Amino acid sequence: LLPYTLIDVLGAQNTAARFTTCILFVLYQFRILESIFDFVPPGAKSSLSIYCTYFSLPFDMMFDGIKPVMATRKEIRDGQINVVKAVMCIGALCTIL
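Conventions we followed
- Residues numbered from 1 in each chain as written.
- Predicted model: local features only at pLDDT ≥ 70, side-chain atom pairs only at ≥ 80, totals over all residues.
- Heavy atoms only, no water.
- Salt bridge = Lys/Arg side-chain N within 4 Å of Asp/Glu carboxyl O.
- Buried < 20%, exposed > 50% of the residue type's maximum accessible area, 1.4 Å probe, protein only.
- Helix = DSSP H or I, 4+ residues; strand = E, 2+ residues; numbered from the N terminus.
- Axes fitted to C-alpha atoms, helices over the stretch in contact; angles between N-to-C directions.
- Parallel < 35°, antiparallel > 145°, perpendicular 65-115°, else oblique.
- Contact = heavy atoms within 4.5 Å.
- Nonpolar A, V, L, I, M, F, W, Y, C, P; charged D, E, K, R; others polar.
- Phe/Tyr/Trp six-rings, centres within 6.5 Å; stacked < 30°, edge-to-face > 60°.
- Lys NZ or Arg CZ within 6 Å of the ring centre and 35° of its normal.

A. How the structure looks around the pattern of salt bridges. In the structure shown here, the tally under the stated rule is 3 salt bridges. Notably, a salt bridge pairs K45 with D38, separated by 2.7 Å at the nearest N-O pair. Its relative accessible area of 48% is what places D38 among the partly exposed residues. Linking K74 and D78 is a salt bridge whose minimum nitrogen-to-oxygen distance equals 2.9 Å. Separated by 4 residues within a single helix, K74 and D78 lie in helix α4 (residues 73–96), roughly one turn from each other.

B. Spatial organisation of the environment of F30. Relative to the elements of secondary structure, F30 occurs in helix α2 (residues 15–36). In this structure F30 comes out as exposed when scored by relative accessible area, which is 55%. Along the primary structure F30 and S56 are separated by 26 residues, whereas in three dimensions their C-alpha atoms are 12 Å apart.

C. Geometry of the packing of α2 against α4. Where α2 contacts α4, the axes come no closer than 8 Å and their chain directions differ by 135 degrees. By the angle class used here, α2 and α4 are oblique. Residues T15, A16 and F19 of α2 touch α4, and the partners they reach there are I90, G91 and C94. Partitioning the contact of α2 with α4 into residue classes produces 4 nonpolar, 2 polar and no charged.

D. Region of the structure containing the environment of C22. By the element assignment, C22 lies in helix α2. Each C-alpha atom of the pair C22 and E34 lies 19 Å from the other, and the pair is 12 residues apart in sequence.

E. Layout of unusual backbone geometry. The backbone of D38 sits at a positive phi, close to 60 degrees, despite the residue not being glycine. Summarising the element assignment, D38 is placed in the loop between α2 and α3 (48–56).

F. Structural view of the packing of aromatic side chains. Per the stated rule, a full pass over the model turns up 3 aromatic pairs. A network of ring pairs unites the aromatic residues Y51, Y54, F55 and F63 as a single cluster. Across the ring face of Y54, the terminal group of R31 is positioned such that the distance to the ring centre comes to 4.7 Å.

G. View of the packing of α2 against α3. Taken N-terminus to C-terminus, the directions of α2 and α3 make an angle of 140 degrees; their axes are 10 Å apart at the nearest point. Our classification of the angle between α2 and α3 gives oblique. Where α2 approaches α3, its residues Y28, R31, E34 and S35 are matched on the opposing element by Y51, Y54, F55 and S56. By residue class, the composition of the contact of α2 with α3 is 4 nonpolar, 2 polar and 2 charged.

By themselves, these are just geometric observations and shouldn't be taken as functional.
Laid out in structure tokens, this is it:
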């Protein structure tokens, strides 16, 4: 119900803006289901801080056994470029529709 309330309060008419507002709520619902049904990676269960970090971030973490793997600068840059491309495509498609 919260995403719909936010859309009404903000007065968002654009489909892309509505989608962007709702996507994080859907993502966190899947994270909650993942924790309820115990599909958490073993590395995320290694400590409370890693467990909290795993469930608070909107992106996936990779683990090497029980230790988180850090992304390289190239991987971070490629990820940012992919996000910008996806937002531009969704925005263009929603504007056309």
